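Now for the letters of each chain:
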Amino acid sequence: PAHWGGDCSASYPSMAETLRAGLSLSCAGFAFWSHDMGGFENTASADVYKRWCQFGMLSSHSRLHGSTSYRVPWVYDEEAVDVLRFFTKLKLSLLPYLYSSAVETSRTGIPMMRSMALAFEDDCNCRYLDKQYMLGDNLLVAPVFNEEGMASYYLPEGIWTNYLTNEVKEGGKWYKETFDYFHLPLMVRENTALAVGNRDDRPDYDYADGVELRVYALTEGQECSTVVYDMKQQANLQISVVKTGKTITIKAENTGGKPYTVRLINVQAVSSNGASMVIDGKDTVLTPCDSTVSVML
């Protein structure tokens, strides 16, 4: 079900080549692809290894693999252990979203990791971008490919929010920033309802139970939605969110057969004059029927 990117070398140029080749592979019909974090040939520096772990854990499949040396993080340094742990926990918490994206990919053939040109066909700036990608419909990832920790990346039109820092940026622009090993451009698209799990210690848990619904940059009258699947690819929760005036309405259909607790968090909206508002909601129990929750701004 998943192809891999070939025997890459343990260097920044080869790491960039891996992304470039993988995006080309996805355009050729391979919906899932993976790569060897830290590079397959030779041994990466601790710096390259940490950056590759960021990229690898924000891929559809993640694996540590090499030819002449071990790829376990503790052979590099203690910080490498912390970095890999951080991004492993991040990926596990994002599994409600990632698994939903994987289910849709299996049904449509649209690659889970997709080129910017595929995701934004009408944006001419995206046609030649080969060092960033969309992970599912709503997350943009721009890995770091240099020792300076510098990322130069482009955001298409709209409002984008860094998932790790909640910093909001305007689209239609290029950005150049420096990041430590625990950060990178992981940007959430506007009008996104992102389902985040309540566990980060294992991949196989009930994604709908205790799920956090993080809603980003709602614009007037624009509905966004998400589906949370179980491990049998059955939809347990179907949630839609829409902003009308000063009211945000969340509609949820619970088909999982048991009550689920949904936490509304980091709900962002954009007012008519462009101001940004953030509200933090409370836990809401959704019984196995249609439920509607309205939040006043």
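Residues numbered from 1 in each chain as written. Predicted model: local features only at pLDDT ≥ 70, side-chain atom pairs only at ≥ 80, totals over all residues. Heavy atoms only, no water.

**Notes on the packing of aromatic side chains**
Consideration 1: Tallied over the full model, the rule gives nine aromatic pairs.
Consideration 2: Put simply, the rings of Phe86, Phe87 and Phe182 touch in pairs and so form one group of aromatic residues. (Phe/Tyr/Trp six-rings, centres within 6.5 Å; stacked < 30°, edge-to-face > 60°.)

**A short note on unusual backbone geometry**
Consideration 1: Positive phi outside glycine occurs at asparagine 191, with the angle close to 55°.
Consideration 2: Mapped onto the elements, asparagine 191 comes out in the loop between strand S12 (186–188) and strand S13 (192–196).
Consideration 3: With a relative accessible area of 15%, asparagine 191 lands in the buried category.
Consideration 4: The backbone of alanine 217 shows a phi angle near 50°, a positive value even though the residue is not glycine.
Consideration 5: Mapped onto the fold, alanine 217 is located in the loop between strand S14 (212–216) and strand S15 (224–229).
Consideration 6: Given the relative accessible area of 2%, alanine 217 is considered buried. (Helix = DSSP H or I, 4+ residues; strand = E, 2+ residues; numbered from the N terminus. Buried < 20%, exposed > 50% of the residue type's maximum accessible area, 1.4 Å probe, protein only.)

**A few points about the pattern of salt bridges**
Consideration 1: A full pass over the atoms with the stated rule returns 14 salt bridges.
Consideration 2: Arginine 85 is the partner of aspartate 82 in a salt bridge, and the nearest nitrogen-oxygen pair spans 2.9 Å. Of this pair, aspartate 82 and arginine 85 both sit in helix H3 (residues 78–93), separated by three residues, roughly a single helical turn.
Consideration 3: Given the relative accessible area of 34%, aspartate 82 is considered partly exposed.
Consideration 4: Note on arginine 85: relative accessible area 43%, which makes it partly exposed.
Consideration 5: Arginine 202 is paired through a salt bridge with aspartate 204; the nearest N and O atoms lie 2.9 Å apart.
Consideration 6: When salt bridges with common partners are traced through the structure, they connect Lys50, Asp77 and Glu79 into a single cluster. (Salt bridge = Lys/Arg side-chain N within 4 Å of Asp/Glu carboxyl O.)

**Points about H3**
Consideration 1: Across its 16 residues, H3 extends 23 Å between first and last C-alpha, which sits within 8% of the 22 Å expected from 1.5 Å per residue.
Consideration 2: Taken together, the buried positions of H3 are Ala80, Val81, Val83, Leu84, Phe87, Leu90, Lys91, Leu92 and Ser93.
Consideration 3: Check the buried side of H3 and you find it contacts helix H2 (46–57), strand S4 (63–64), helix H4 (95–108), S12 and S13.
Consideration 4: Two or three places before glutamate 79, at the start of H3, stands the capping residue aspartate 77, its side-chain oxygen 3.2 Å from that residue's backbone nitrogen. (Expected span 1.5 Å × (residues − 1). Contact = heavy atoms within 4.5 Å. Polar contact = N/O pair within 3.5 Å; in protein donor to acceptor, adjacent residues only side chain to side chain.)

**As for the pairing of strand S16 (residues 235–244)**
Consideration 1: Alignment of S15 against S16, held across six bridges, turns out to be antiparallel. Within S16, the position partnered with threonine 226 by the bridge is isoleucine 239.
Consideration 2: Taking the residues that link successive antiparallel strands as the turn, the S15-S16 hairpin has five residues, and the phi of glutamine 233 there is positive, at about 65°.
Consideration 3: Sheet topology places S16 next to strand S17 (residues 247–254); eight bridges connect them, and they run antiparallel. Along S17, the bridge assignment pairs isoleucine 239 with alanine 252.
Consideration 4: As consecutive antiparallel partners, S16 and S17 are separated by two residues, and within that stretch glycine 245 has a phi angle of approximately 65°, a positive value. (Pairing = 2+ DSSP bridges.)

**Considerations on the packing of H2 against H3**
Consideration 1: Following both chains from N to C, one finds H2 and H3 inclined at 10°, their axes separated by 9 Å at the closest point. Judged by the inter-axis angle, H2 sits roughly parallel to H3. Across the interface between the two elements, Tyr49, Lys50, Cys53, Gln54 and Met57 from H2 touch Glu79, Ala80, Val83, Leu84, Phe87, Thr88 and Lys91 from H3.
Consideration 2: The residue makeup of the contact of H2 with H3, split by class, is seven nonpolar, two polar and three charged. (Axes fitted to C-alpha atoms, helices over the stretch in contact; angles between N-to-C directions. Parallel < 35°, antiparallel > 145°, perpendicular 65-115°, else oblique. Nonpolar A, V, L, I, M, F, W, Y, C, P; charged D, E, K, R; others polar.)

**Side note on the nonpolar core**
Consideration 1: Counting residues in each nonpolar core, the largest one holds 69 residues, and the members touching the most others are Tyr133, Leu135, Tyr163 and Val241.
Consideration 2: Not counting the four nearest positions on each side in its chain, tyrosine 133 is found in contact with Leu19, Leu23, Phe55, Leu58, Ser59, Met113, Arg114, Met116, Leu139, Leu140, Val141 and Pro143.
Consideration 3: Within the second largest apolar cluster, 16 residues are counted, among which are Met116, Tyr154, Leu155 and Tyr175. (Core = buried A, V, L, I, M, F, W, Y, C linked by side-chain atoms within 4.5 Å.)

**Remarks on the confidence of the model for the protein**
Consideration 1: Looking at the protein as a whole, the pLDDT averages 88, with 88% of positions reaching at least 70.
Consideration 2: Here residues 271–280 is modelled with pLDDT under 50, and outside its nearest four sequence neighbours on either side it reaches 23 contacts, counting other chains as well. (pLDDT = per-residue confidence, 0-100.)

**Some words on H4**
Consideration 1: The end-to-end C-alpha distance of H4 is 19 Å, a good match for the 20 Å that 14 residues give at a rise of 1.5 Å each.
Consideration 2: Along H4, 10 of the 14 residues are buried, which leaves the element largely enclosed by surrounding structure.
Consideration 3: Of all the positions in H4, only Leu95, Pro96, Tyr97, Leu98, Tyr99, Ser100, Ser101, Ala102, Val103 and Thr105 are classed as buried.
Consideration 4: Packing partners of the buried residues in H4 comprise H3, strand S6 (133–135), strand S7 (139–141), S13 and S15.
Consideration 5: Where H4 ends, the next residue or the one after it, glycine 109, has phi of about 85°, a positive value.

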